[in-house]
Amino acid sequence: MSKELTSRKEDYSKWYNELVIKAGLAEHSAVRGCMVIKPYGFAIWEKMKAVLDARFKATGHVNAAFPLFIPKSFLSKEADHVEGFAKECAVVTHYRLKNAEDGSGVVVDPEARLEEELIVRPTSETIIWNTYKNWIQSYRDLPILINQWANVVRWEMRTRLFLRTAEFFWQEGHTAHATSEEANDEALLMLNEYANFMEQYMAVPVIKGRKTENERFAGAVETYTTESLMQDGKALQMGTSHFLGQNFAKAFDVQFQKKDGGLDYVWATSWGVSTRLMGALIMAHSDDDGLILPPKLAPIQVGIVPIYKTDEQAAAINEKVDEITKALAAEGITTKYDDDDSKRPGFKFAQFEMQGVPVRLGLGPRDLQNGTIEVARRDTKEKSSQSLDGIVDYVKNLLDEIQENIYNRAFEHRAAHTSTVDNYEDFKSVIKDKGGFVKVKWCGSNELEDKIKDETKATIRCILMDDESEGKCFYSGEAATQTVLFAKAY
RNA sequence: CGGGGUGUAGCGCAGUCCGGUUAGCGCAUCUGCUUUGGGAGCAGAGGGCCGCAGGUUCGAAUCCUGCCACCCCGACCA
């Protein structure tokens, strides 16, 4: 395996694939389209999970677990929903294997066919609403605010590590409410929680908006989304939050007794983010030397490399590093001391860089003599010599600075790659040559959206929340009803 | 599902056209010595159902037939 990555300029897609492998985040498994998330990659996901889970709980939600399998008939109860997912479902048809008669191994036992086939959940609305039906009789049972952390399966044609895999991990929130307004507020609340997490922890700026009918979740009345822009100018949908109206309540006949008497169907939301966030995190910040992680999500915040010739020097360095590590740990900063004697310092520097460790410390005999330590920051690759006294405060501040810097960098990149146009010629040339988001006035026609997609590959990523609907549609010249962002997307 | 490509050591590949010693190279691994402030050097060692199953042949990684898997490009998607 070569030590270098393909550069982003040369082949962005290849760069991404190699980076995921070489940074030790994930790899392809024996099962087509399914990945193995390796310990280092999973450590990042766990940090994301911990922050999100705490936010869900702080906003009143609780966790629960629903089955992996869903009776096939459930899926078809909501018409749009089945249409959206039917084409990518894994189906369980049998429950037993037996030894092949010719001794060639095991075969499916044809006697063991399931009465009703089960599908592996592509999402859990149906099984959950079938359950909620039993839990809800009165307005006193509402709201229900439940989240589950789970894996789901969507049989994708073409997959890419983290960005699109046949099996992926996510969380799905499913809430039930007495009023339309309350449910819609919930969907917006979670959209904001997502956006805050993405910006404050992942250091990825996002645009909040609504999906067009074409792009909406199958079964939703309204889909809210957080959209980000990657370094290659393509957009990535990071998380979605859906106002489901009464669609699932009606499909599963979930009614409740209102306070003032009378029955009504329950109002619903669902919202989710997946391991796709890993893909966004990787693509948003990293460079040709490897991963760049935001300090708040980096499993290792500070990597430490000893430089020595003699055993005496090594012993003295070990002692000093031990001191520093403990002082950093006391401030809640995670470190990794790479004292592997079989590797040379240069190799370790490159390794920490590939893994995106935000800050690297180098300590050698010269430093011990001068009371200094070498500090290298991953985001800018700047190196400096700092006094050993006060190194903890220095590192602490530096981590904050890196977190801020990579956010600002991503923000500026997005600003530089967001164009506003008012005619189709300009639109086509921007999409083709520059990429990024293209902001336009829009008349709201589904057919036009499809046509533009066919011609340019660009789709409407979102309808801006605070849209001023003045002016004319950039394509049809009709009165514009909204402002939208187009982009080529992942 | 259509079109193209690839299966040879843990990884990346050569060899296949035109059959013929013991199947080779780089990286990685192991042992030893020298090294260590930006991906170390030398010496030695281990590691192969040549994707699978048939066939042709004195002889098959190489030729023929069938199958399987994976990758890329399209249609579909968080």
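None of the values given here were measured: they were computed from a predicted structure.

Participant: Help me understand the overall build of chain A, please; the structure alone is not making it clear to me.
Facilitator: Counting its regular elements, chain A contains 14 helices and 25 strands. Over its C-alpha atoms, taken along the principal directions, chain A stretches across nearly 80 × 70 × 55 Å. Of all 490 residues assigned to chain A, the portion counted as buried reaches 50%. Sequence separation of 24 or more characterises 68% of the internal contacts of chain A that already satisfy a separation of 6 or more. For chain A, the accessible area works out to roughly 22,900 Å², and carbon and sulfur atoms hold 48% of it. On chain A, the mean spot of the 61 positive side-chain charges and the mean spot of the 75 negative ones are 2 Å from each other.

Participant: I keep staring at the packing of aromatic side chains and nothing clicks. Help me out?
Facilitator: Geometrically, a pair of aromatic rings is defined through the distance of the ring centres and the angle of the planes. The final tally for this structure, using the stated rule, is 24 aromatic pairs. Ring centres 5.7 Å apart and planes at 90° place the aromatic pair F168 and W170 in the edge-to-face group. Residues F168 and W170 agree in their burial class; the two are buried. Considering the side-chain rings of Y424 and F427, the 5.8 Å spacing of their centres and the 25° angle between planes classify their relative orientation as stacked.

Participant: How should I be thinking about the pattern of salt bridges in this particular structure?
Facilitator: Should the charged atoms of two oppositely charged side chains come close, the side chains can pair. This structure, assessed with the given rule, holds 24 salt bridges. Close ionic contact of K57 with D53 constitutes a salt bridge, the shortest N to O distance being 2.6 Å. In this pair, K57 and D53 are both assigned in helix α2 (residues 39–58), 4 residues apart and thus about one turn of the helix distant. K57 sits in the partly exposed class, given a relative accessible area of 46%. For D53, a relative accessible area of 14% corresponds to the buried category. A salt bridge links D253 to K133, with the nearest nitrogen and oxygen atoms 3.6 Å apart. With a gap of 120 residues between them, D253 in the loop between α7 (247–251) and β14 (255–257) and K133 in helix α5 (residues 125–135) connect regions that are remote in the sequence.

Participant: Would you explain the side chain of H81 in this entry?
Facilitator: With respect to the helices, strands and loops of the structure, H81 is situated in helix α4 (residues 79–85). The buried category is assigned to H81, whose relative accessible area is 0%. A polar atom in the side chain of H81 sits 2.9 Å from the backbone oxygen of A218. Once residues lying within four places of it in the same chain are set aside, the contact partners of H81 are L75, T123, E125, T126, F217, A218, G219 and F248.

Participant: Just to check I follow, could you spell out the protein's contact with RNA strand B for this structure?
Facilitator: Around RNA strand B there are 36 residues in total, and R158, R164, T165, Q237 and R276 lie nearest to it. When atoms of RNA strand B within 4 Å of the protein are split into backbone and base, the sugar-phosphate part holds 40%. Measuring from a base nitrogen of RNA strand B, one finds a side-chain N or O atom of Q351 at 3.2 Å. D367 places a polar side-chain atom, nitrogen or oxygen, 2.6 Å from a base nitrogen of RNA strand B. Within the residue set of the surface near RNA strand B, elements represented by two or more residues are α10 (345–354), β19 (359–363) and α11 (365–370). The element contributing the most residues to the surface near RNA strand B is α10, with 7 residues. Here the surface near RNA strand B is composed, by residue class, of 11 nonpolar, 7 polar and 18 charged.

Participant: What's the story with the pairing of strand β8 (residues 113–120) in this structure? I'm lost.
Facilitator: As a general feature of sheets, a regular strand has side chains that alternate between the two faces. Relative to β8, strand β4 (residues 69–71) runs antiparallel, the two being bridged by 3 bridges. When the sheet's bridge partners are listed, F69 is paired in β8 with V120. In terms of strand pairing, strand β5 (residues 91–94) meets β8 through 3 bridges, oriented antiparallel. Along β8, the bridge assignment pairs V92 with L118.

Participant: Can you help me understand a negative patch on the surface in this one?
Facilitator: Taken together, the side chains of D311, E312, D339 and D341 present a region of like negative charge at the surface. Tracing the backbone through its elements, the reader meets D339 in the loop between β18 (335–337) and α10.

Participant: Got a minute to help me understand the domain arrangement of chain A in this structure?
Facilitator: Interfaces are often sized by the accessible area lost when the parts come together. According to the domain assignment, chain A contains domain 1 (23–275), domain 2 (302–405) and domain 3 (418–487). The C-alpha centroid of domain 3 is placed 49 Å from the C-alpha centroid of domain 2.

Participant: Looking at this structure, how should I read the packing of helix α13 (residues 424–434) against helix α14 (residues 446–456)?
Facilitator: The relative placement of two packed helices is expressed as an angle between their axes plus a distance between the axes. Interhelical geometry of α13 versus α14 gives an angle of 45° and a closest axis separation of 11 Å. Taken together, the axes of α13 and α14 lie oblique to each other. As α13 runs across α14, the sense of the crossing is right-handed. Residue-level inspection shows Y424, F427, K428 and I431 of α13 in contact with α14, the latter providing I452, E455 and T456. Across the contact of α13 with α14, the residue classes tally to 4 nonpolar, 1 polar and 2 charged.

Reading guide: rules and limits
- Residues numbered from 1 in each chain as written.
- Chains lettered and ligands numbered in written order.
- Predicted model: local features only at pLDDT ≥ 70, side-chain atom pairs only at ≥ 80, totals over all residues.
- Heavy atoms only, no water.
- Helix = DSSP H or I, 4+ residues; strand = E, 2+ residues; numbered from the N terminus.
- Buried < 20%, exposed > 50% of the residue type's maximum accessible area, 1.4 Å probe, protein only.
- Contact = heavy atoms within 4.5 Å.
- Areas by Shrake-Rupley, 256 points an atom, 1.4 Å probe, with all protein chains shown as cover.
- Lys, Arg positive; Asp, Glu negative; His and termini not counted.
- Charge placed at Lys NZ, Arg CZ, Asp CG, Glu CD.
- Phe/Tyr/Trp six-rings, centres within 6.5 Å; stacked < 30°, edge-to-face > 60°.
- Salt bridge = Lys/Arg side-chain N within 4 Å of Asp/Glu carboxyl O.
- Polar contact = N/O pair within 3.5 Å; in protein donor to acceptor, adjacent residues only side chain to side chain.
- Near = heavy atom within 4 Å.
- Nonpolar A, V, L, I, M, F, W, Y, C, P; charged D, E, K, R; others polar.
- Pairing = 2+ DSSP bridges.
- Patch = residues over 30% accessible without salt bridge, like charges linked within 9 Å, V, L, I, M, F, W, Y side chains within 5 Å.
- Domains from an automatic or database assignment.
- Axes fitted to C-alpha atoms, helices over the stretch in contact; angles between N-to-C directions.
- Parallel < 35°, antiparallel > 145°, perpendicular 65-115°, else oblique.
- Left-handed = near helix turned anticlockwise from the far one by under 90°.

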